[in-house]
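Summary of structural features
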Amino acid sequence: MMAEYRIGHGFDVHRLVPDRKLILGGVEIPYHLGLKGHSDADVLIHAVCDAMLGALALGDIGKLFPDTDTRYEGVSSLLLLEEVVDRVTKEGYKVSNIDVTVVAEAPKLAPHIEKMRQTLCNALRTDIPEVSIKATTTEGLGFSGRGEGVSATCVVLLARG
Ligand code: MG
């Protein structure tokens, strides 16, 4: 039998390109670039999904939602997260708490963090104090610093019951 608590880690990167909406944590953020990907490319939610799947050693979202599957084309990543939450619930676990870091040079994410927390909170069927979202930059260094892409990391603690 698996332990009462299980920890998981997720990491994801998507490229910033023109003519795409910027969706982070299920929230549309006004910006002249958006993230490129098969779904809506919500890098934050992808990191959360992978952390949750990782916590129970269930693989990753690439395995669950292959980009060869046209059902997931342009789809909101919140739907993917819902499926992951269903999977985790079926295994007998729920989110104890989650901590996310988004790395983006621009735009400023601070004004959108509370809405992202609320959106994630609903999707995860948990309470606001259990959902932490932070944003940082890399001080102009690397792909993120040059504004070529956005990355996100997530750790999650799942509890049985
Ligand atoms: Mg992704």
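Residues numbered from 1 in each chain as written. Predicted model: local features only at pLDDT ≥ 70, side-chain atom pairs only at ≥ 80, totals over all residues. Heavy atoms only, no water.

**Looking at the overall build of the protein chain**
The following threshold applies: Secondary structure counts use DSSP, requiring at least four H or I residues in a row for a helix and at least two E residues in a row for a strand, with both numbered from the N terminus. For the radius of gyration, the atoms used are the C-alpha atoms, and the globule rule reads 2.2 Å times the number of residues raised to 0.38. Here the term buried applies to any residue with accessible area under 20% of the maximum for its type, exposed to any over 50%, and partly exposed to those in between, with areas from a 1.4 Å probe on protein chains only. Contacts were defined at the residue level, with two residues in contact if any of their heavy atoms lie within 4.5 Å. Values of accessible area rely on a 1.4 Å probe in the Shrake-Rupley scheme; residue burial ignores everything except the protein chains shown. Charge convention: Lys and Arg are scored as positive, Asp and Glu as negative, and His as well as the terminal groups of each chain are ignored. Charge coordinates come from a single atom per side chain, which is NZ of Lys, CZ of Arg, CG of Asp or CD of Glu.
Regarding its fold elements, the protein chain presents 5 helices and 7 strands. Moving toward the C terminus, one meets the helices and strands of the protein chain in the order β-β-β-β-α-α-α-β-α-β-α-β. For the protein chain, whose C-alpha radius of gyration is 15 Å, the value lies close to the compact-globule estimate of 15 Å for 161 residues. The principal-axis extent of the C-alpha atoms belonging to the protein chain is close to 45 × 35 × 25 Å. Taking all 161 residues of the protein chain together, 47% fall into the buried category. Taking the intrachain contacts of the protein chain between residues at least 6 apart in sequence as the baseline, contacts between residues at least 24 apart amount to 72%. Accessible area of the protein chain: about 8,100 Å², with a carbon and sulfur share of 53%. If the 17 positive side-chain charges of the protein chain are averaged to one point and the 22 negative ones to another, these points end up 2 Å apart.

**Examining the coordination of the magnesium ion**
As a reminder of what qualifies: Only nitrogen, oxygen and sulfur atoms within 2.8 Å of the metal, or 3.2 Å for Na, K and Ca, are treated as donors, and water is left out, so sites may look incomplete.
Those donors, Asp12 (OD), His14 (NE2) and His46 (ND1), are the protein atoms that reach the magnesium ion, and they lie 2.1 to 2.3 Å from it. Along the chain, the residues that donate to the magnesium ion are spaced as D-x1-H-x31-H.

**A short note on the state of the cysteines**
Simply put, disulfide is the name for a covalent bond between the sulfur atoms of two cysteines. For clarity, the threshold we go by: By definition, disulfides here are pairs of cysteine sulfur atoms that lie within 2.5 Å.
Within the structure shown, the criterion is met by 0 disulfides. You can see Cys49 has no disulfide; the closest cysteine sulfur is in Cys154, sitting 9.2 Å from it. By relative accessible area, which is 1% here, Cys154 ends up buried.

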